[in-house]
Amino acid sequence: MKKFLRTIPIHSFLIGLYVILFIYIRNTNKTSFSSVYRSILVELAVTVLVFAISYLLLRSARKAGIFSTLLLVGLFIYGILYNKLEALYYNGYWPFSHIHRFLLIFYFLIYVLLFVFFFRSKRPHYNLNYILNSFVLILFLMNLPLFFLSLKNETTTTQSNKFLAINSPGYKNIVNADNSFPDVYYIILDGYANEKILKDFYLDKSPLLYQYLRKRGFYIADSSRANYPFTALSLSSSLNLGYLDSSISNTAPTTLIRDNTVNHIFKKANYKLINIESGFAITEQFTLVDKTISAHLLNEFETRLVDLTILRLDDVLGFTHYKRLKNVLNGLESFLQEKGPKFCFIHIVSPHPPYVVDSAGKRM
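Bear in mind the structure is a predicted one, so any value in this text is a computation, not a measurement.

Would you mind going over the pairing of strand β2 (residues 272-276) with me for this structure?
Burial within β2 is extensive, with four of its five residues counted as buried. In this structure, β2 lies alongside strand β4 (residues 342-348), joined through four bridges in parallel fashion. Each bridged residue has a counterpart across the sheet, and for Ile274 the counterpart in β4 is Cys344. The pairing of β2 with strand β3 (residues 291-293) spans three bridges and is classified as parallel. Across the sheet, the residue bridging to Ile276 is Ile293, located in β3.

How should the nonpolar core be read in this particular structure?
Nonpolar side chains in soluble globular proteins tend to end up buried together. Core analysis: the largest hydrophobic core is formed by 23 residues, its most contacted members being Tyr24, Phe33, Val36 and Phe301. Listed by contribution, the elements that provide at least two residues to this core are α2 (11-25), α4 (61-76), α7 (126-156) and α14 (300-308). Of the residues forming this core, the biggest block, 10 residues, is contributed by α2. Beyond its immediate sequence surroundings of up to four residues, Val36 is in contact with Ile20, Tyr24 and Phe301.

Sorry if this is basic, but what is going on with the sheet that holds strand β1 (residues 184-189) here?
Within a beta sheet, neighbouring strands are joined by backbone hydrogen bonds and run either parallel or antiparallel to one another. If you walk across this open sheet you meet the four strands as β1-β4-β2-β3, and the pairing is parallel. Edge positions in the open sheet fall to β1 and β3, since each of these has one partner strand only. On average, each strand axis in the sheet is inclined to that of its neighbour by 15°, with strand direction left out of account.

Could you clarify how one ought to interpret the packing of α4 against helix α6 (residues 99-120) in this entry?
Pairs of packed helices are described in terms of their axes, by the angle between the two and the distance that separates them. Relative to each other, α4 and α6 sit at 170°, their axes nearing to 10 Å. The orientation of α4 with respect to α6, classified from their angle, is roughly antiparallel. Across from Lys63, Ile66, Phe67, Leu70, Leu71, Gly74 and Leu75 in α4, the residues of α6 making contact are Tyr107, Tyr111, Leu114, Phe115, Phe118 and Phe119. Per-class residue counts for the contact of α4 with α6 are 11 nonpolar, one polar and one charged.

Mind showing me how you'd approach helix α5 (residues 78-90) here?
One turn of an α-helix holds 3.6 residues; hence residues three or four places apart share an orientation. For α5, built from 13 residues, the straight-helix expectation of 18 Å at 1.5 Å per residue is met to within 8% by its first-to-last C-alpha distance of 18 Å. Turning to α5, its buried residues are Tyr78, Gly79, Tyr82 and Leu85. The buried side chains of α5 occupy one side of the element, clustering within an arc of 125° when seen end-on. For α5, the secondary structure elements touched by its buried residues are α4, α6, α14 and α15 (314-317).

Please clarify how the packing of aromatic side chains should be interpreted in this entry.
Each pair of aromatic rings is reported with the distance of its centres and the angle of its planes. For the coordinates displayed, the defined rule picks out 18 aromatic pairs. Between Phe67 and Tyr111, the ring centres sit 6.4 Å apart and the planes meet at 85°, which makes this aromatic pair edge-to-face. Remark: Tyr111 occurs in helix α6 and Phe67 occurs in helix α4; sequence separation between them is 44 residues. The buried category is assigned to Phe67, whose relative accessible area is 8%. Assessed through its relative accessible area of 14%, Tyr111 is described here as buried. Relative to Tyr111, the ring of Tyr107 has its centre 5.8 Å away and its plane inclined at 55°; by these criteria the two rings are tilted. Residue Tyr107 and its partner Tyr111 are both found in helix α6; the two are separated by four residues, about one turn of the helix. On the basis of relative accessibility, which here comes to 9%, the residue Tyr107 falls in the buried class. Among the aromatic residues, those joined into a ring-pair cluster are Phe67, Tyr78, Phe106, Tyr107, Tyr111, Phe115 and Phe119.

Conventions used here
Residues numbered from 1 in each chain as written. Predicted model: local features only at pLDDT ≥ 70, side-chain atom pairs only at ≥ 80, totals over all residues. Heavy atoms only, no water. Buried < 20%, exposed > 50% of the residue type's maximum accessible area, 1.4 Å probe, protein only. Helix = DSSP H or I, 4+ residues; strand = E, 2+ residues; numbered from the N terminus. Pairing = 2+ DSSP bridges. Core = buried A, V, L, I, M, F, W, Y, C linked by side-chain atoms within 4.5 Å. Contact = heavy atoms within 4.5 Å. Axes fitted to C-alpha atoms, helices over the stretch in contact; angles between N-to-C directions. Parallel < 35°, antiparallel > 145°, perpendicular 65-115°, else oblique. Nonpolar A, V, L, I, M, F, W, Y, C, P; charged D, E, K, R; others polar. Expected span 1.5 Å × (residues − 1). Arc of directions from axis to C-beta. Phe/Tyr/Trp six-rings, centres within 6.5 Å; stacked < 30°, edge-to-face > 60°.

The values reported here are purely geometric and, on their own, carry no functional implication.
This is the structure in structure tokens:
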């Protein structure tokens, strides 16, 4: 076994998998393992590619493996380093605001030096390979029981929504004058400010959306204020037709949203429940939903993983956020093709930051 660990660089193919499982294990209350498959496949493909290129250049499996592992670790912690430097900058301990460029220069210099070192080295690097294999295997095996426990909890843990017992309103008022049942659309424009804030800080006149709605008879609460600072808490309240208080403080927002009072009301009225992918698990996995319209997005686990890695550079390009917004907007037409009566839940993460489109909806 020791000879195997000294000669074969299995750490290169385990380190990325370990990072993904580590993140999943610690976020099982927010995601499911079904959200992790694509990340694992992409990680394995990237690992094979990095190892193959390193082997062609270094002509040694151990050198290629050690260099690949060091490179993959750097790629996986890029976002963490960025966050640390950003925090230092805003606290006045780091003088440079353009953090990406400094990190990229640092990465380039470090990995060029590492490559030159391994390229010129004549040593077999048995000991270093053994240390890396042992270290990564220990980390991997320590987290493996937690991984299987997470899978077990994912399939067995159920948490009741206490609101369903507290609130039991009827649904007889969901009816038109001619006794027909109307289609209902609940649209969340995440981060949209009230009219006064928009006038004071962003616009010179009343927002076009509010003008449009008023002309069509909608009531606008022009000086509204949010009761909760986060989307999860706000939706937990609105979808359960009540305020969050100490009586339900032990119930997670995820449970309150997935199995909510509003969905139960419409389901009793024989409505079809439809939503669209938002990129956030908390508004995609409703218990009673009949159909989720695909917007071909990164799921929330993948988005968080991107934020931790070198792909955090997308902050500069804004491609991921723009693609998500465009795909969701393009998918709205699919709601019209569904027969009613239907309750449509639409969570659009805009104008929530980051700001990736201009006033005309074009990419900035």
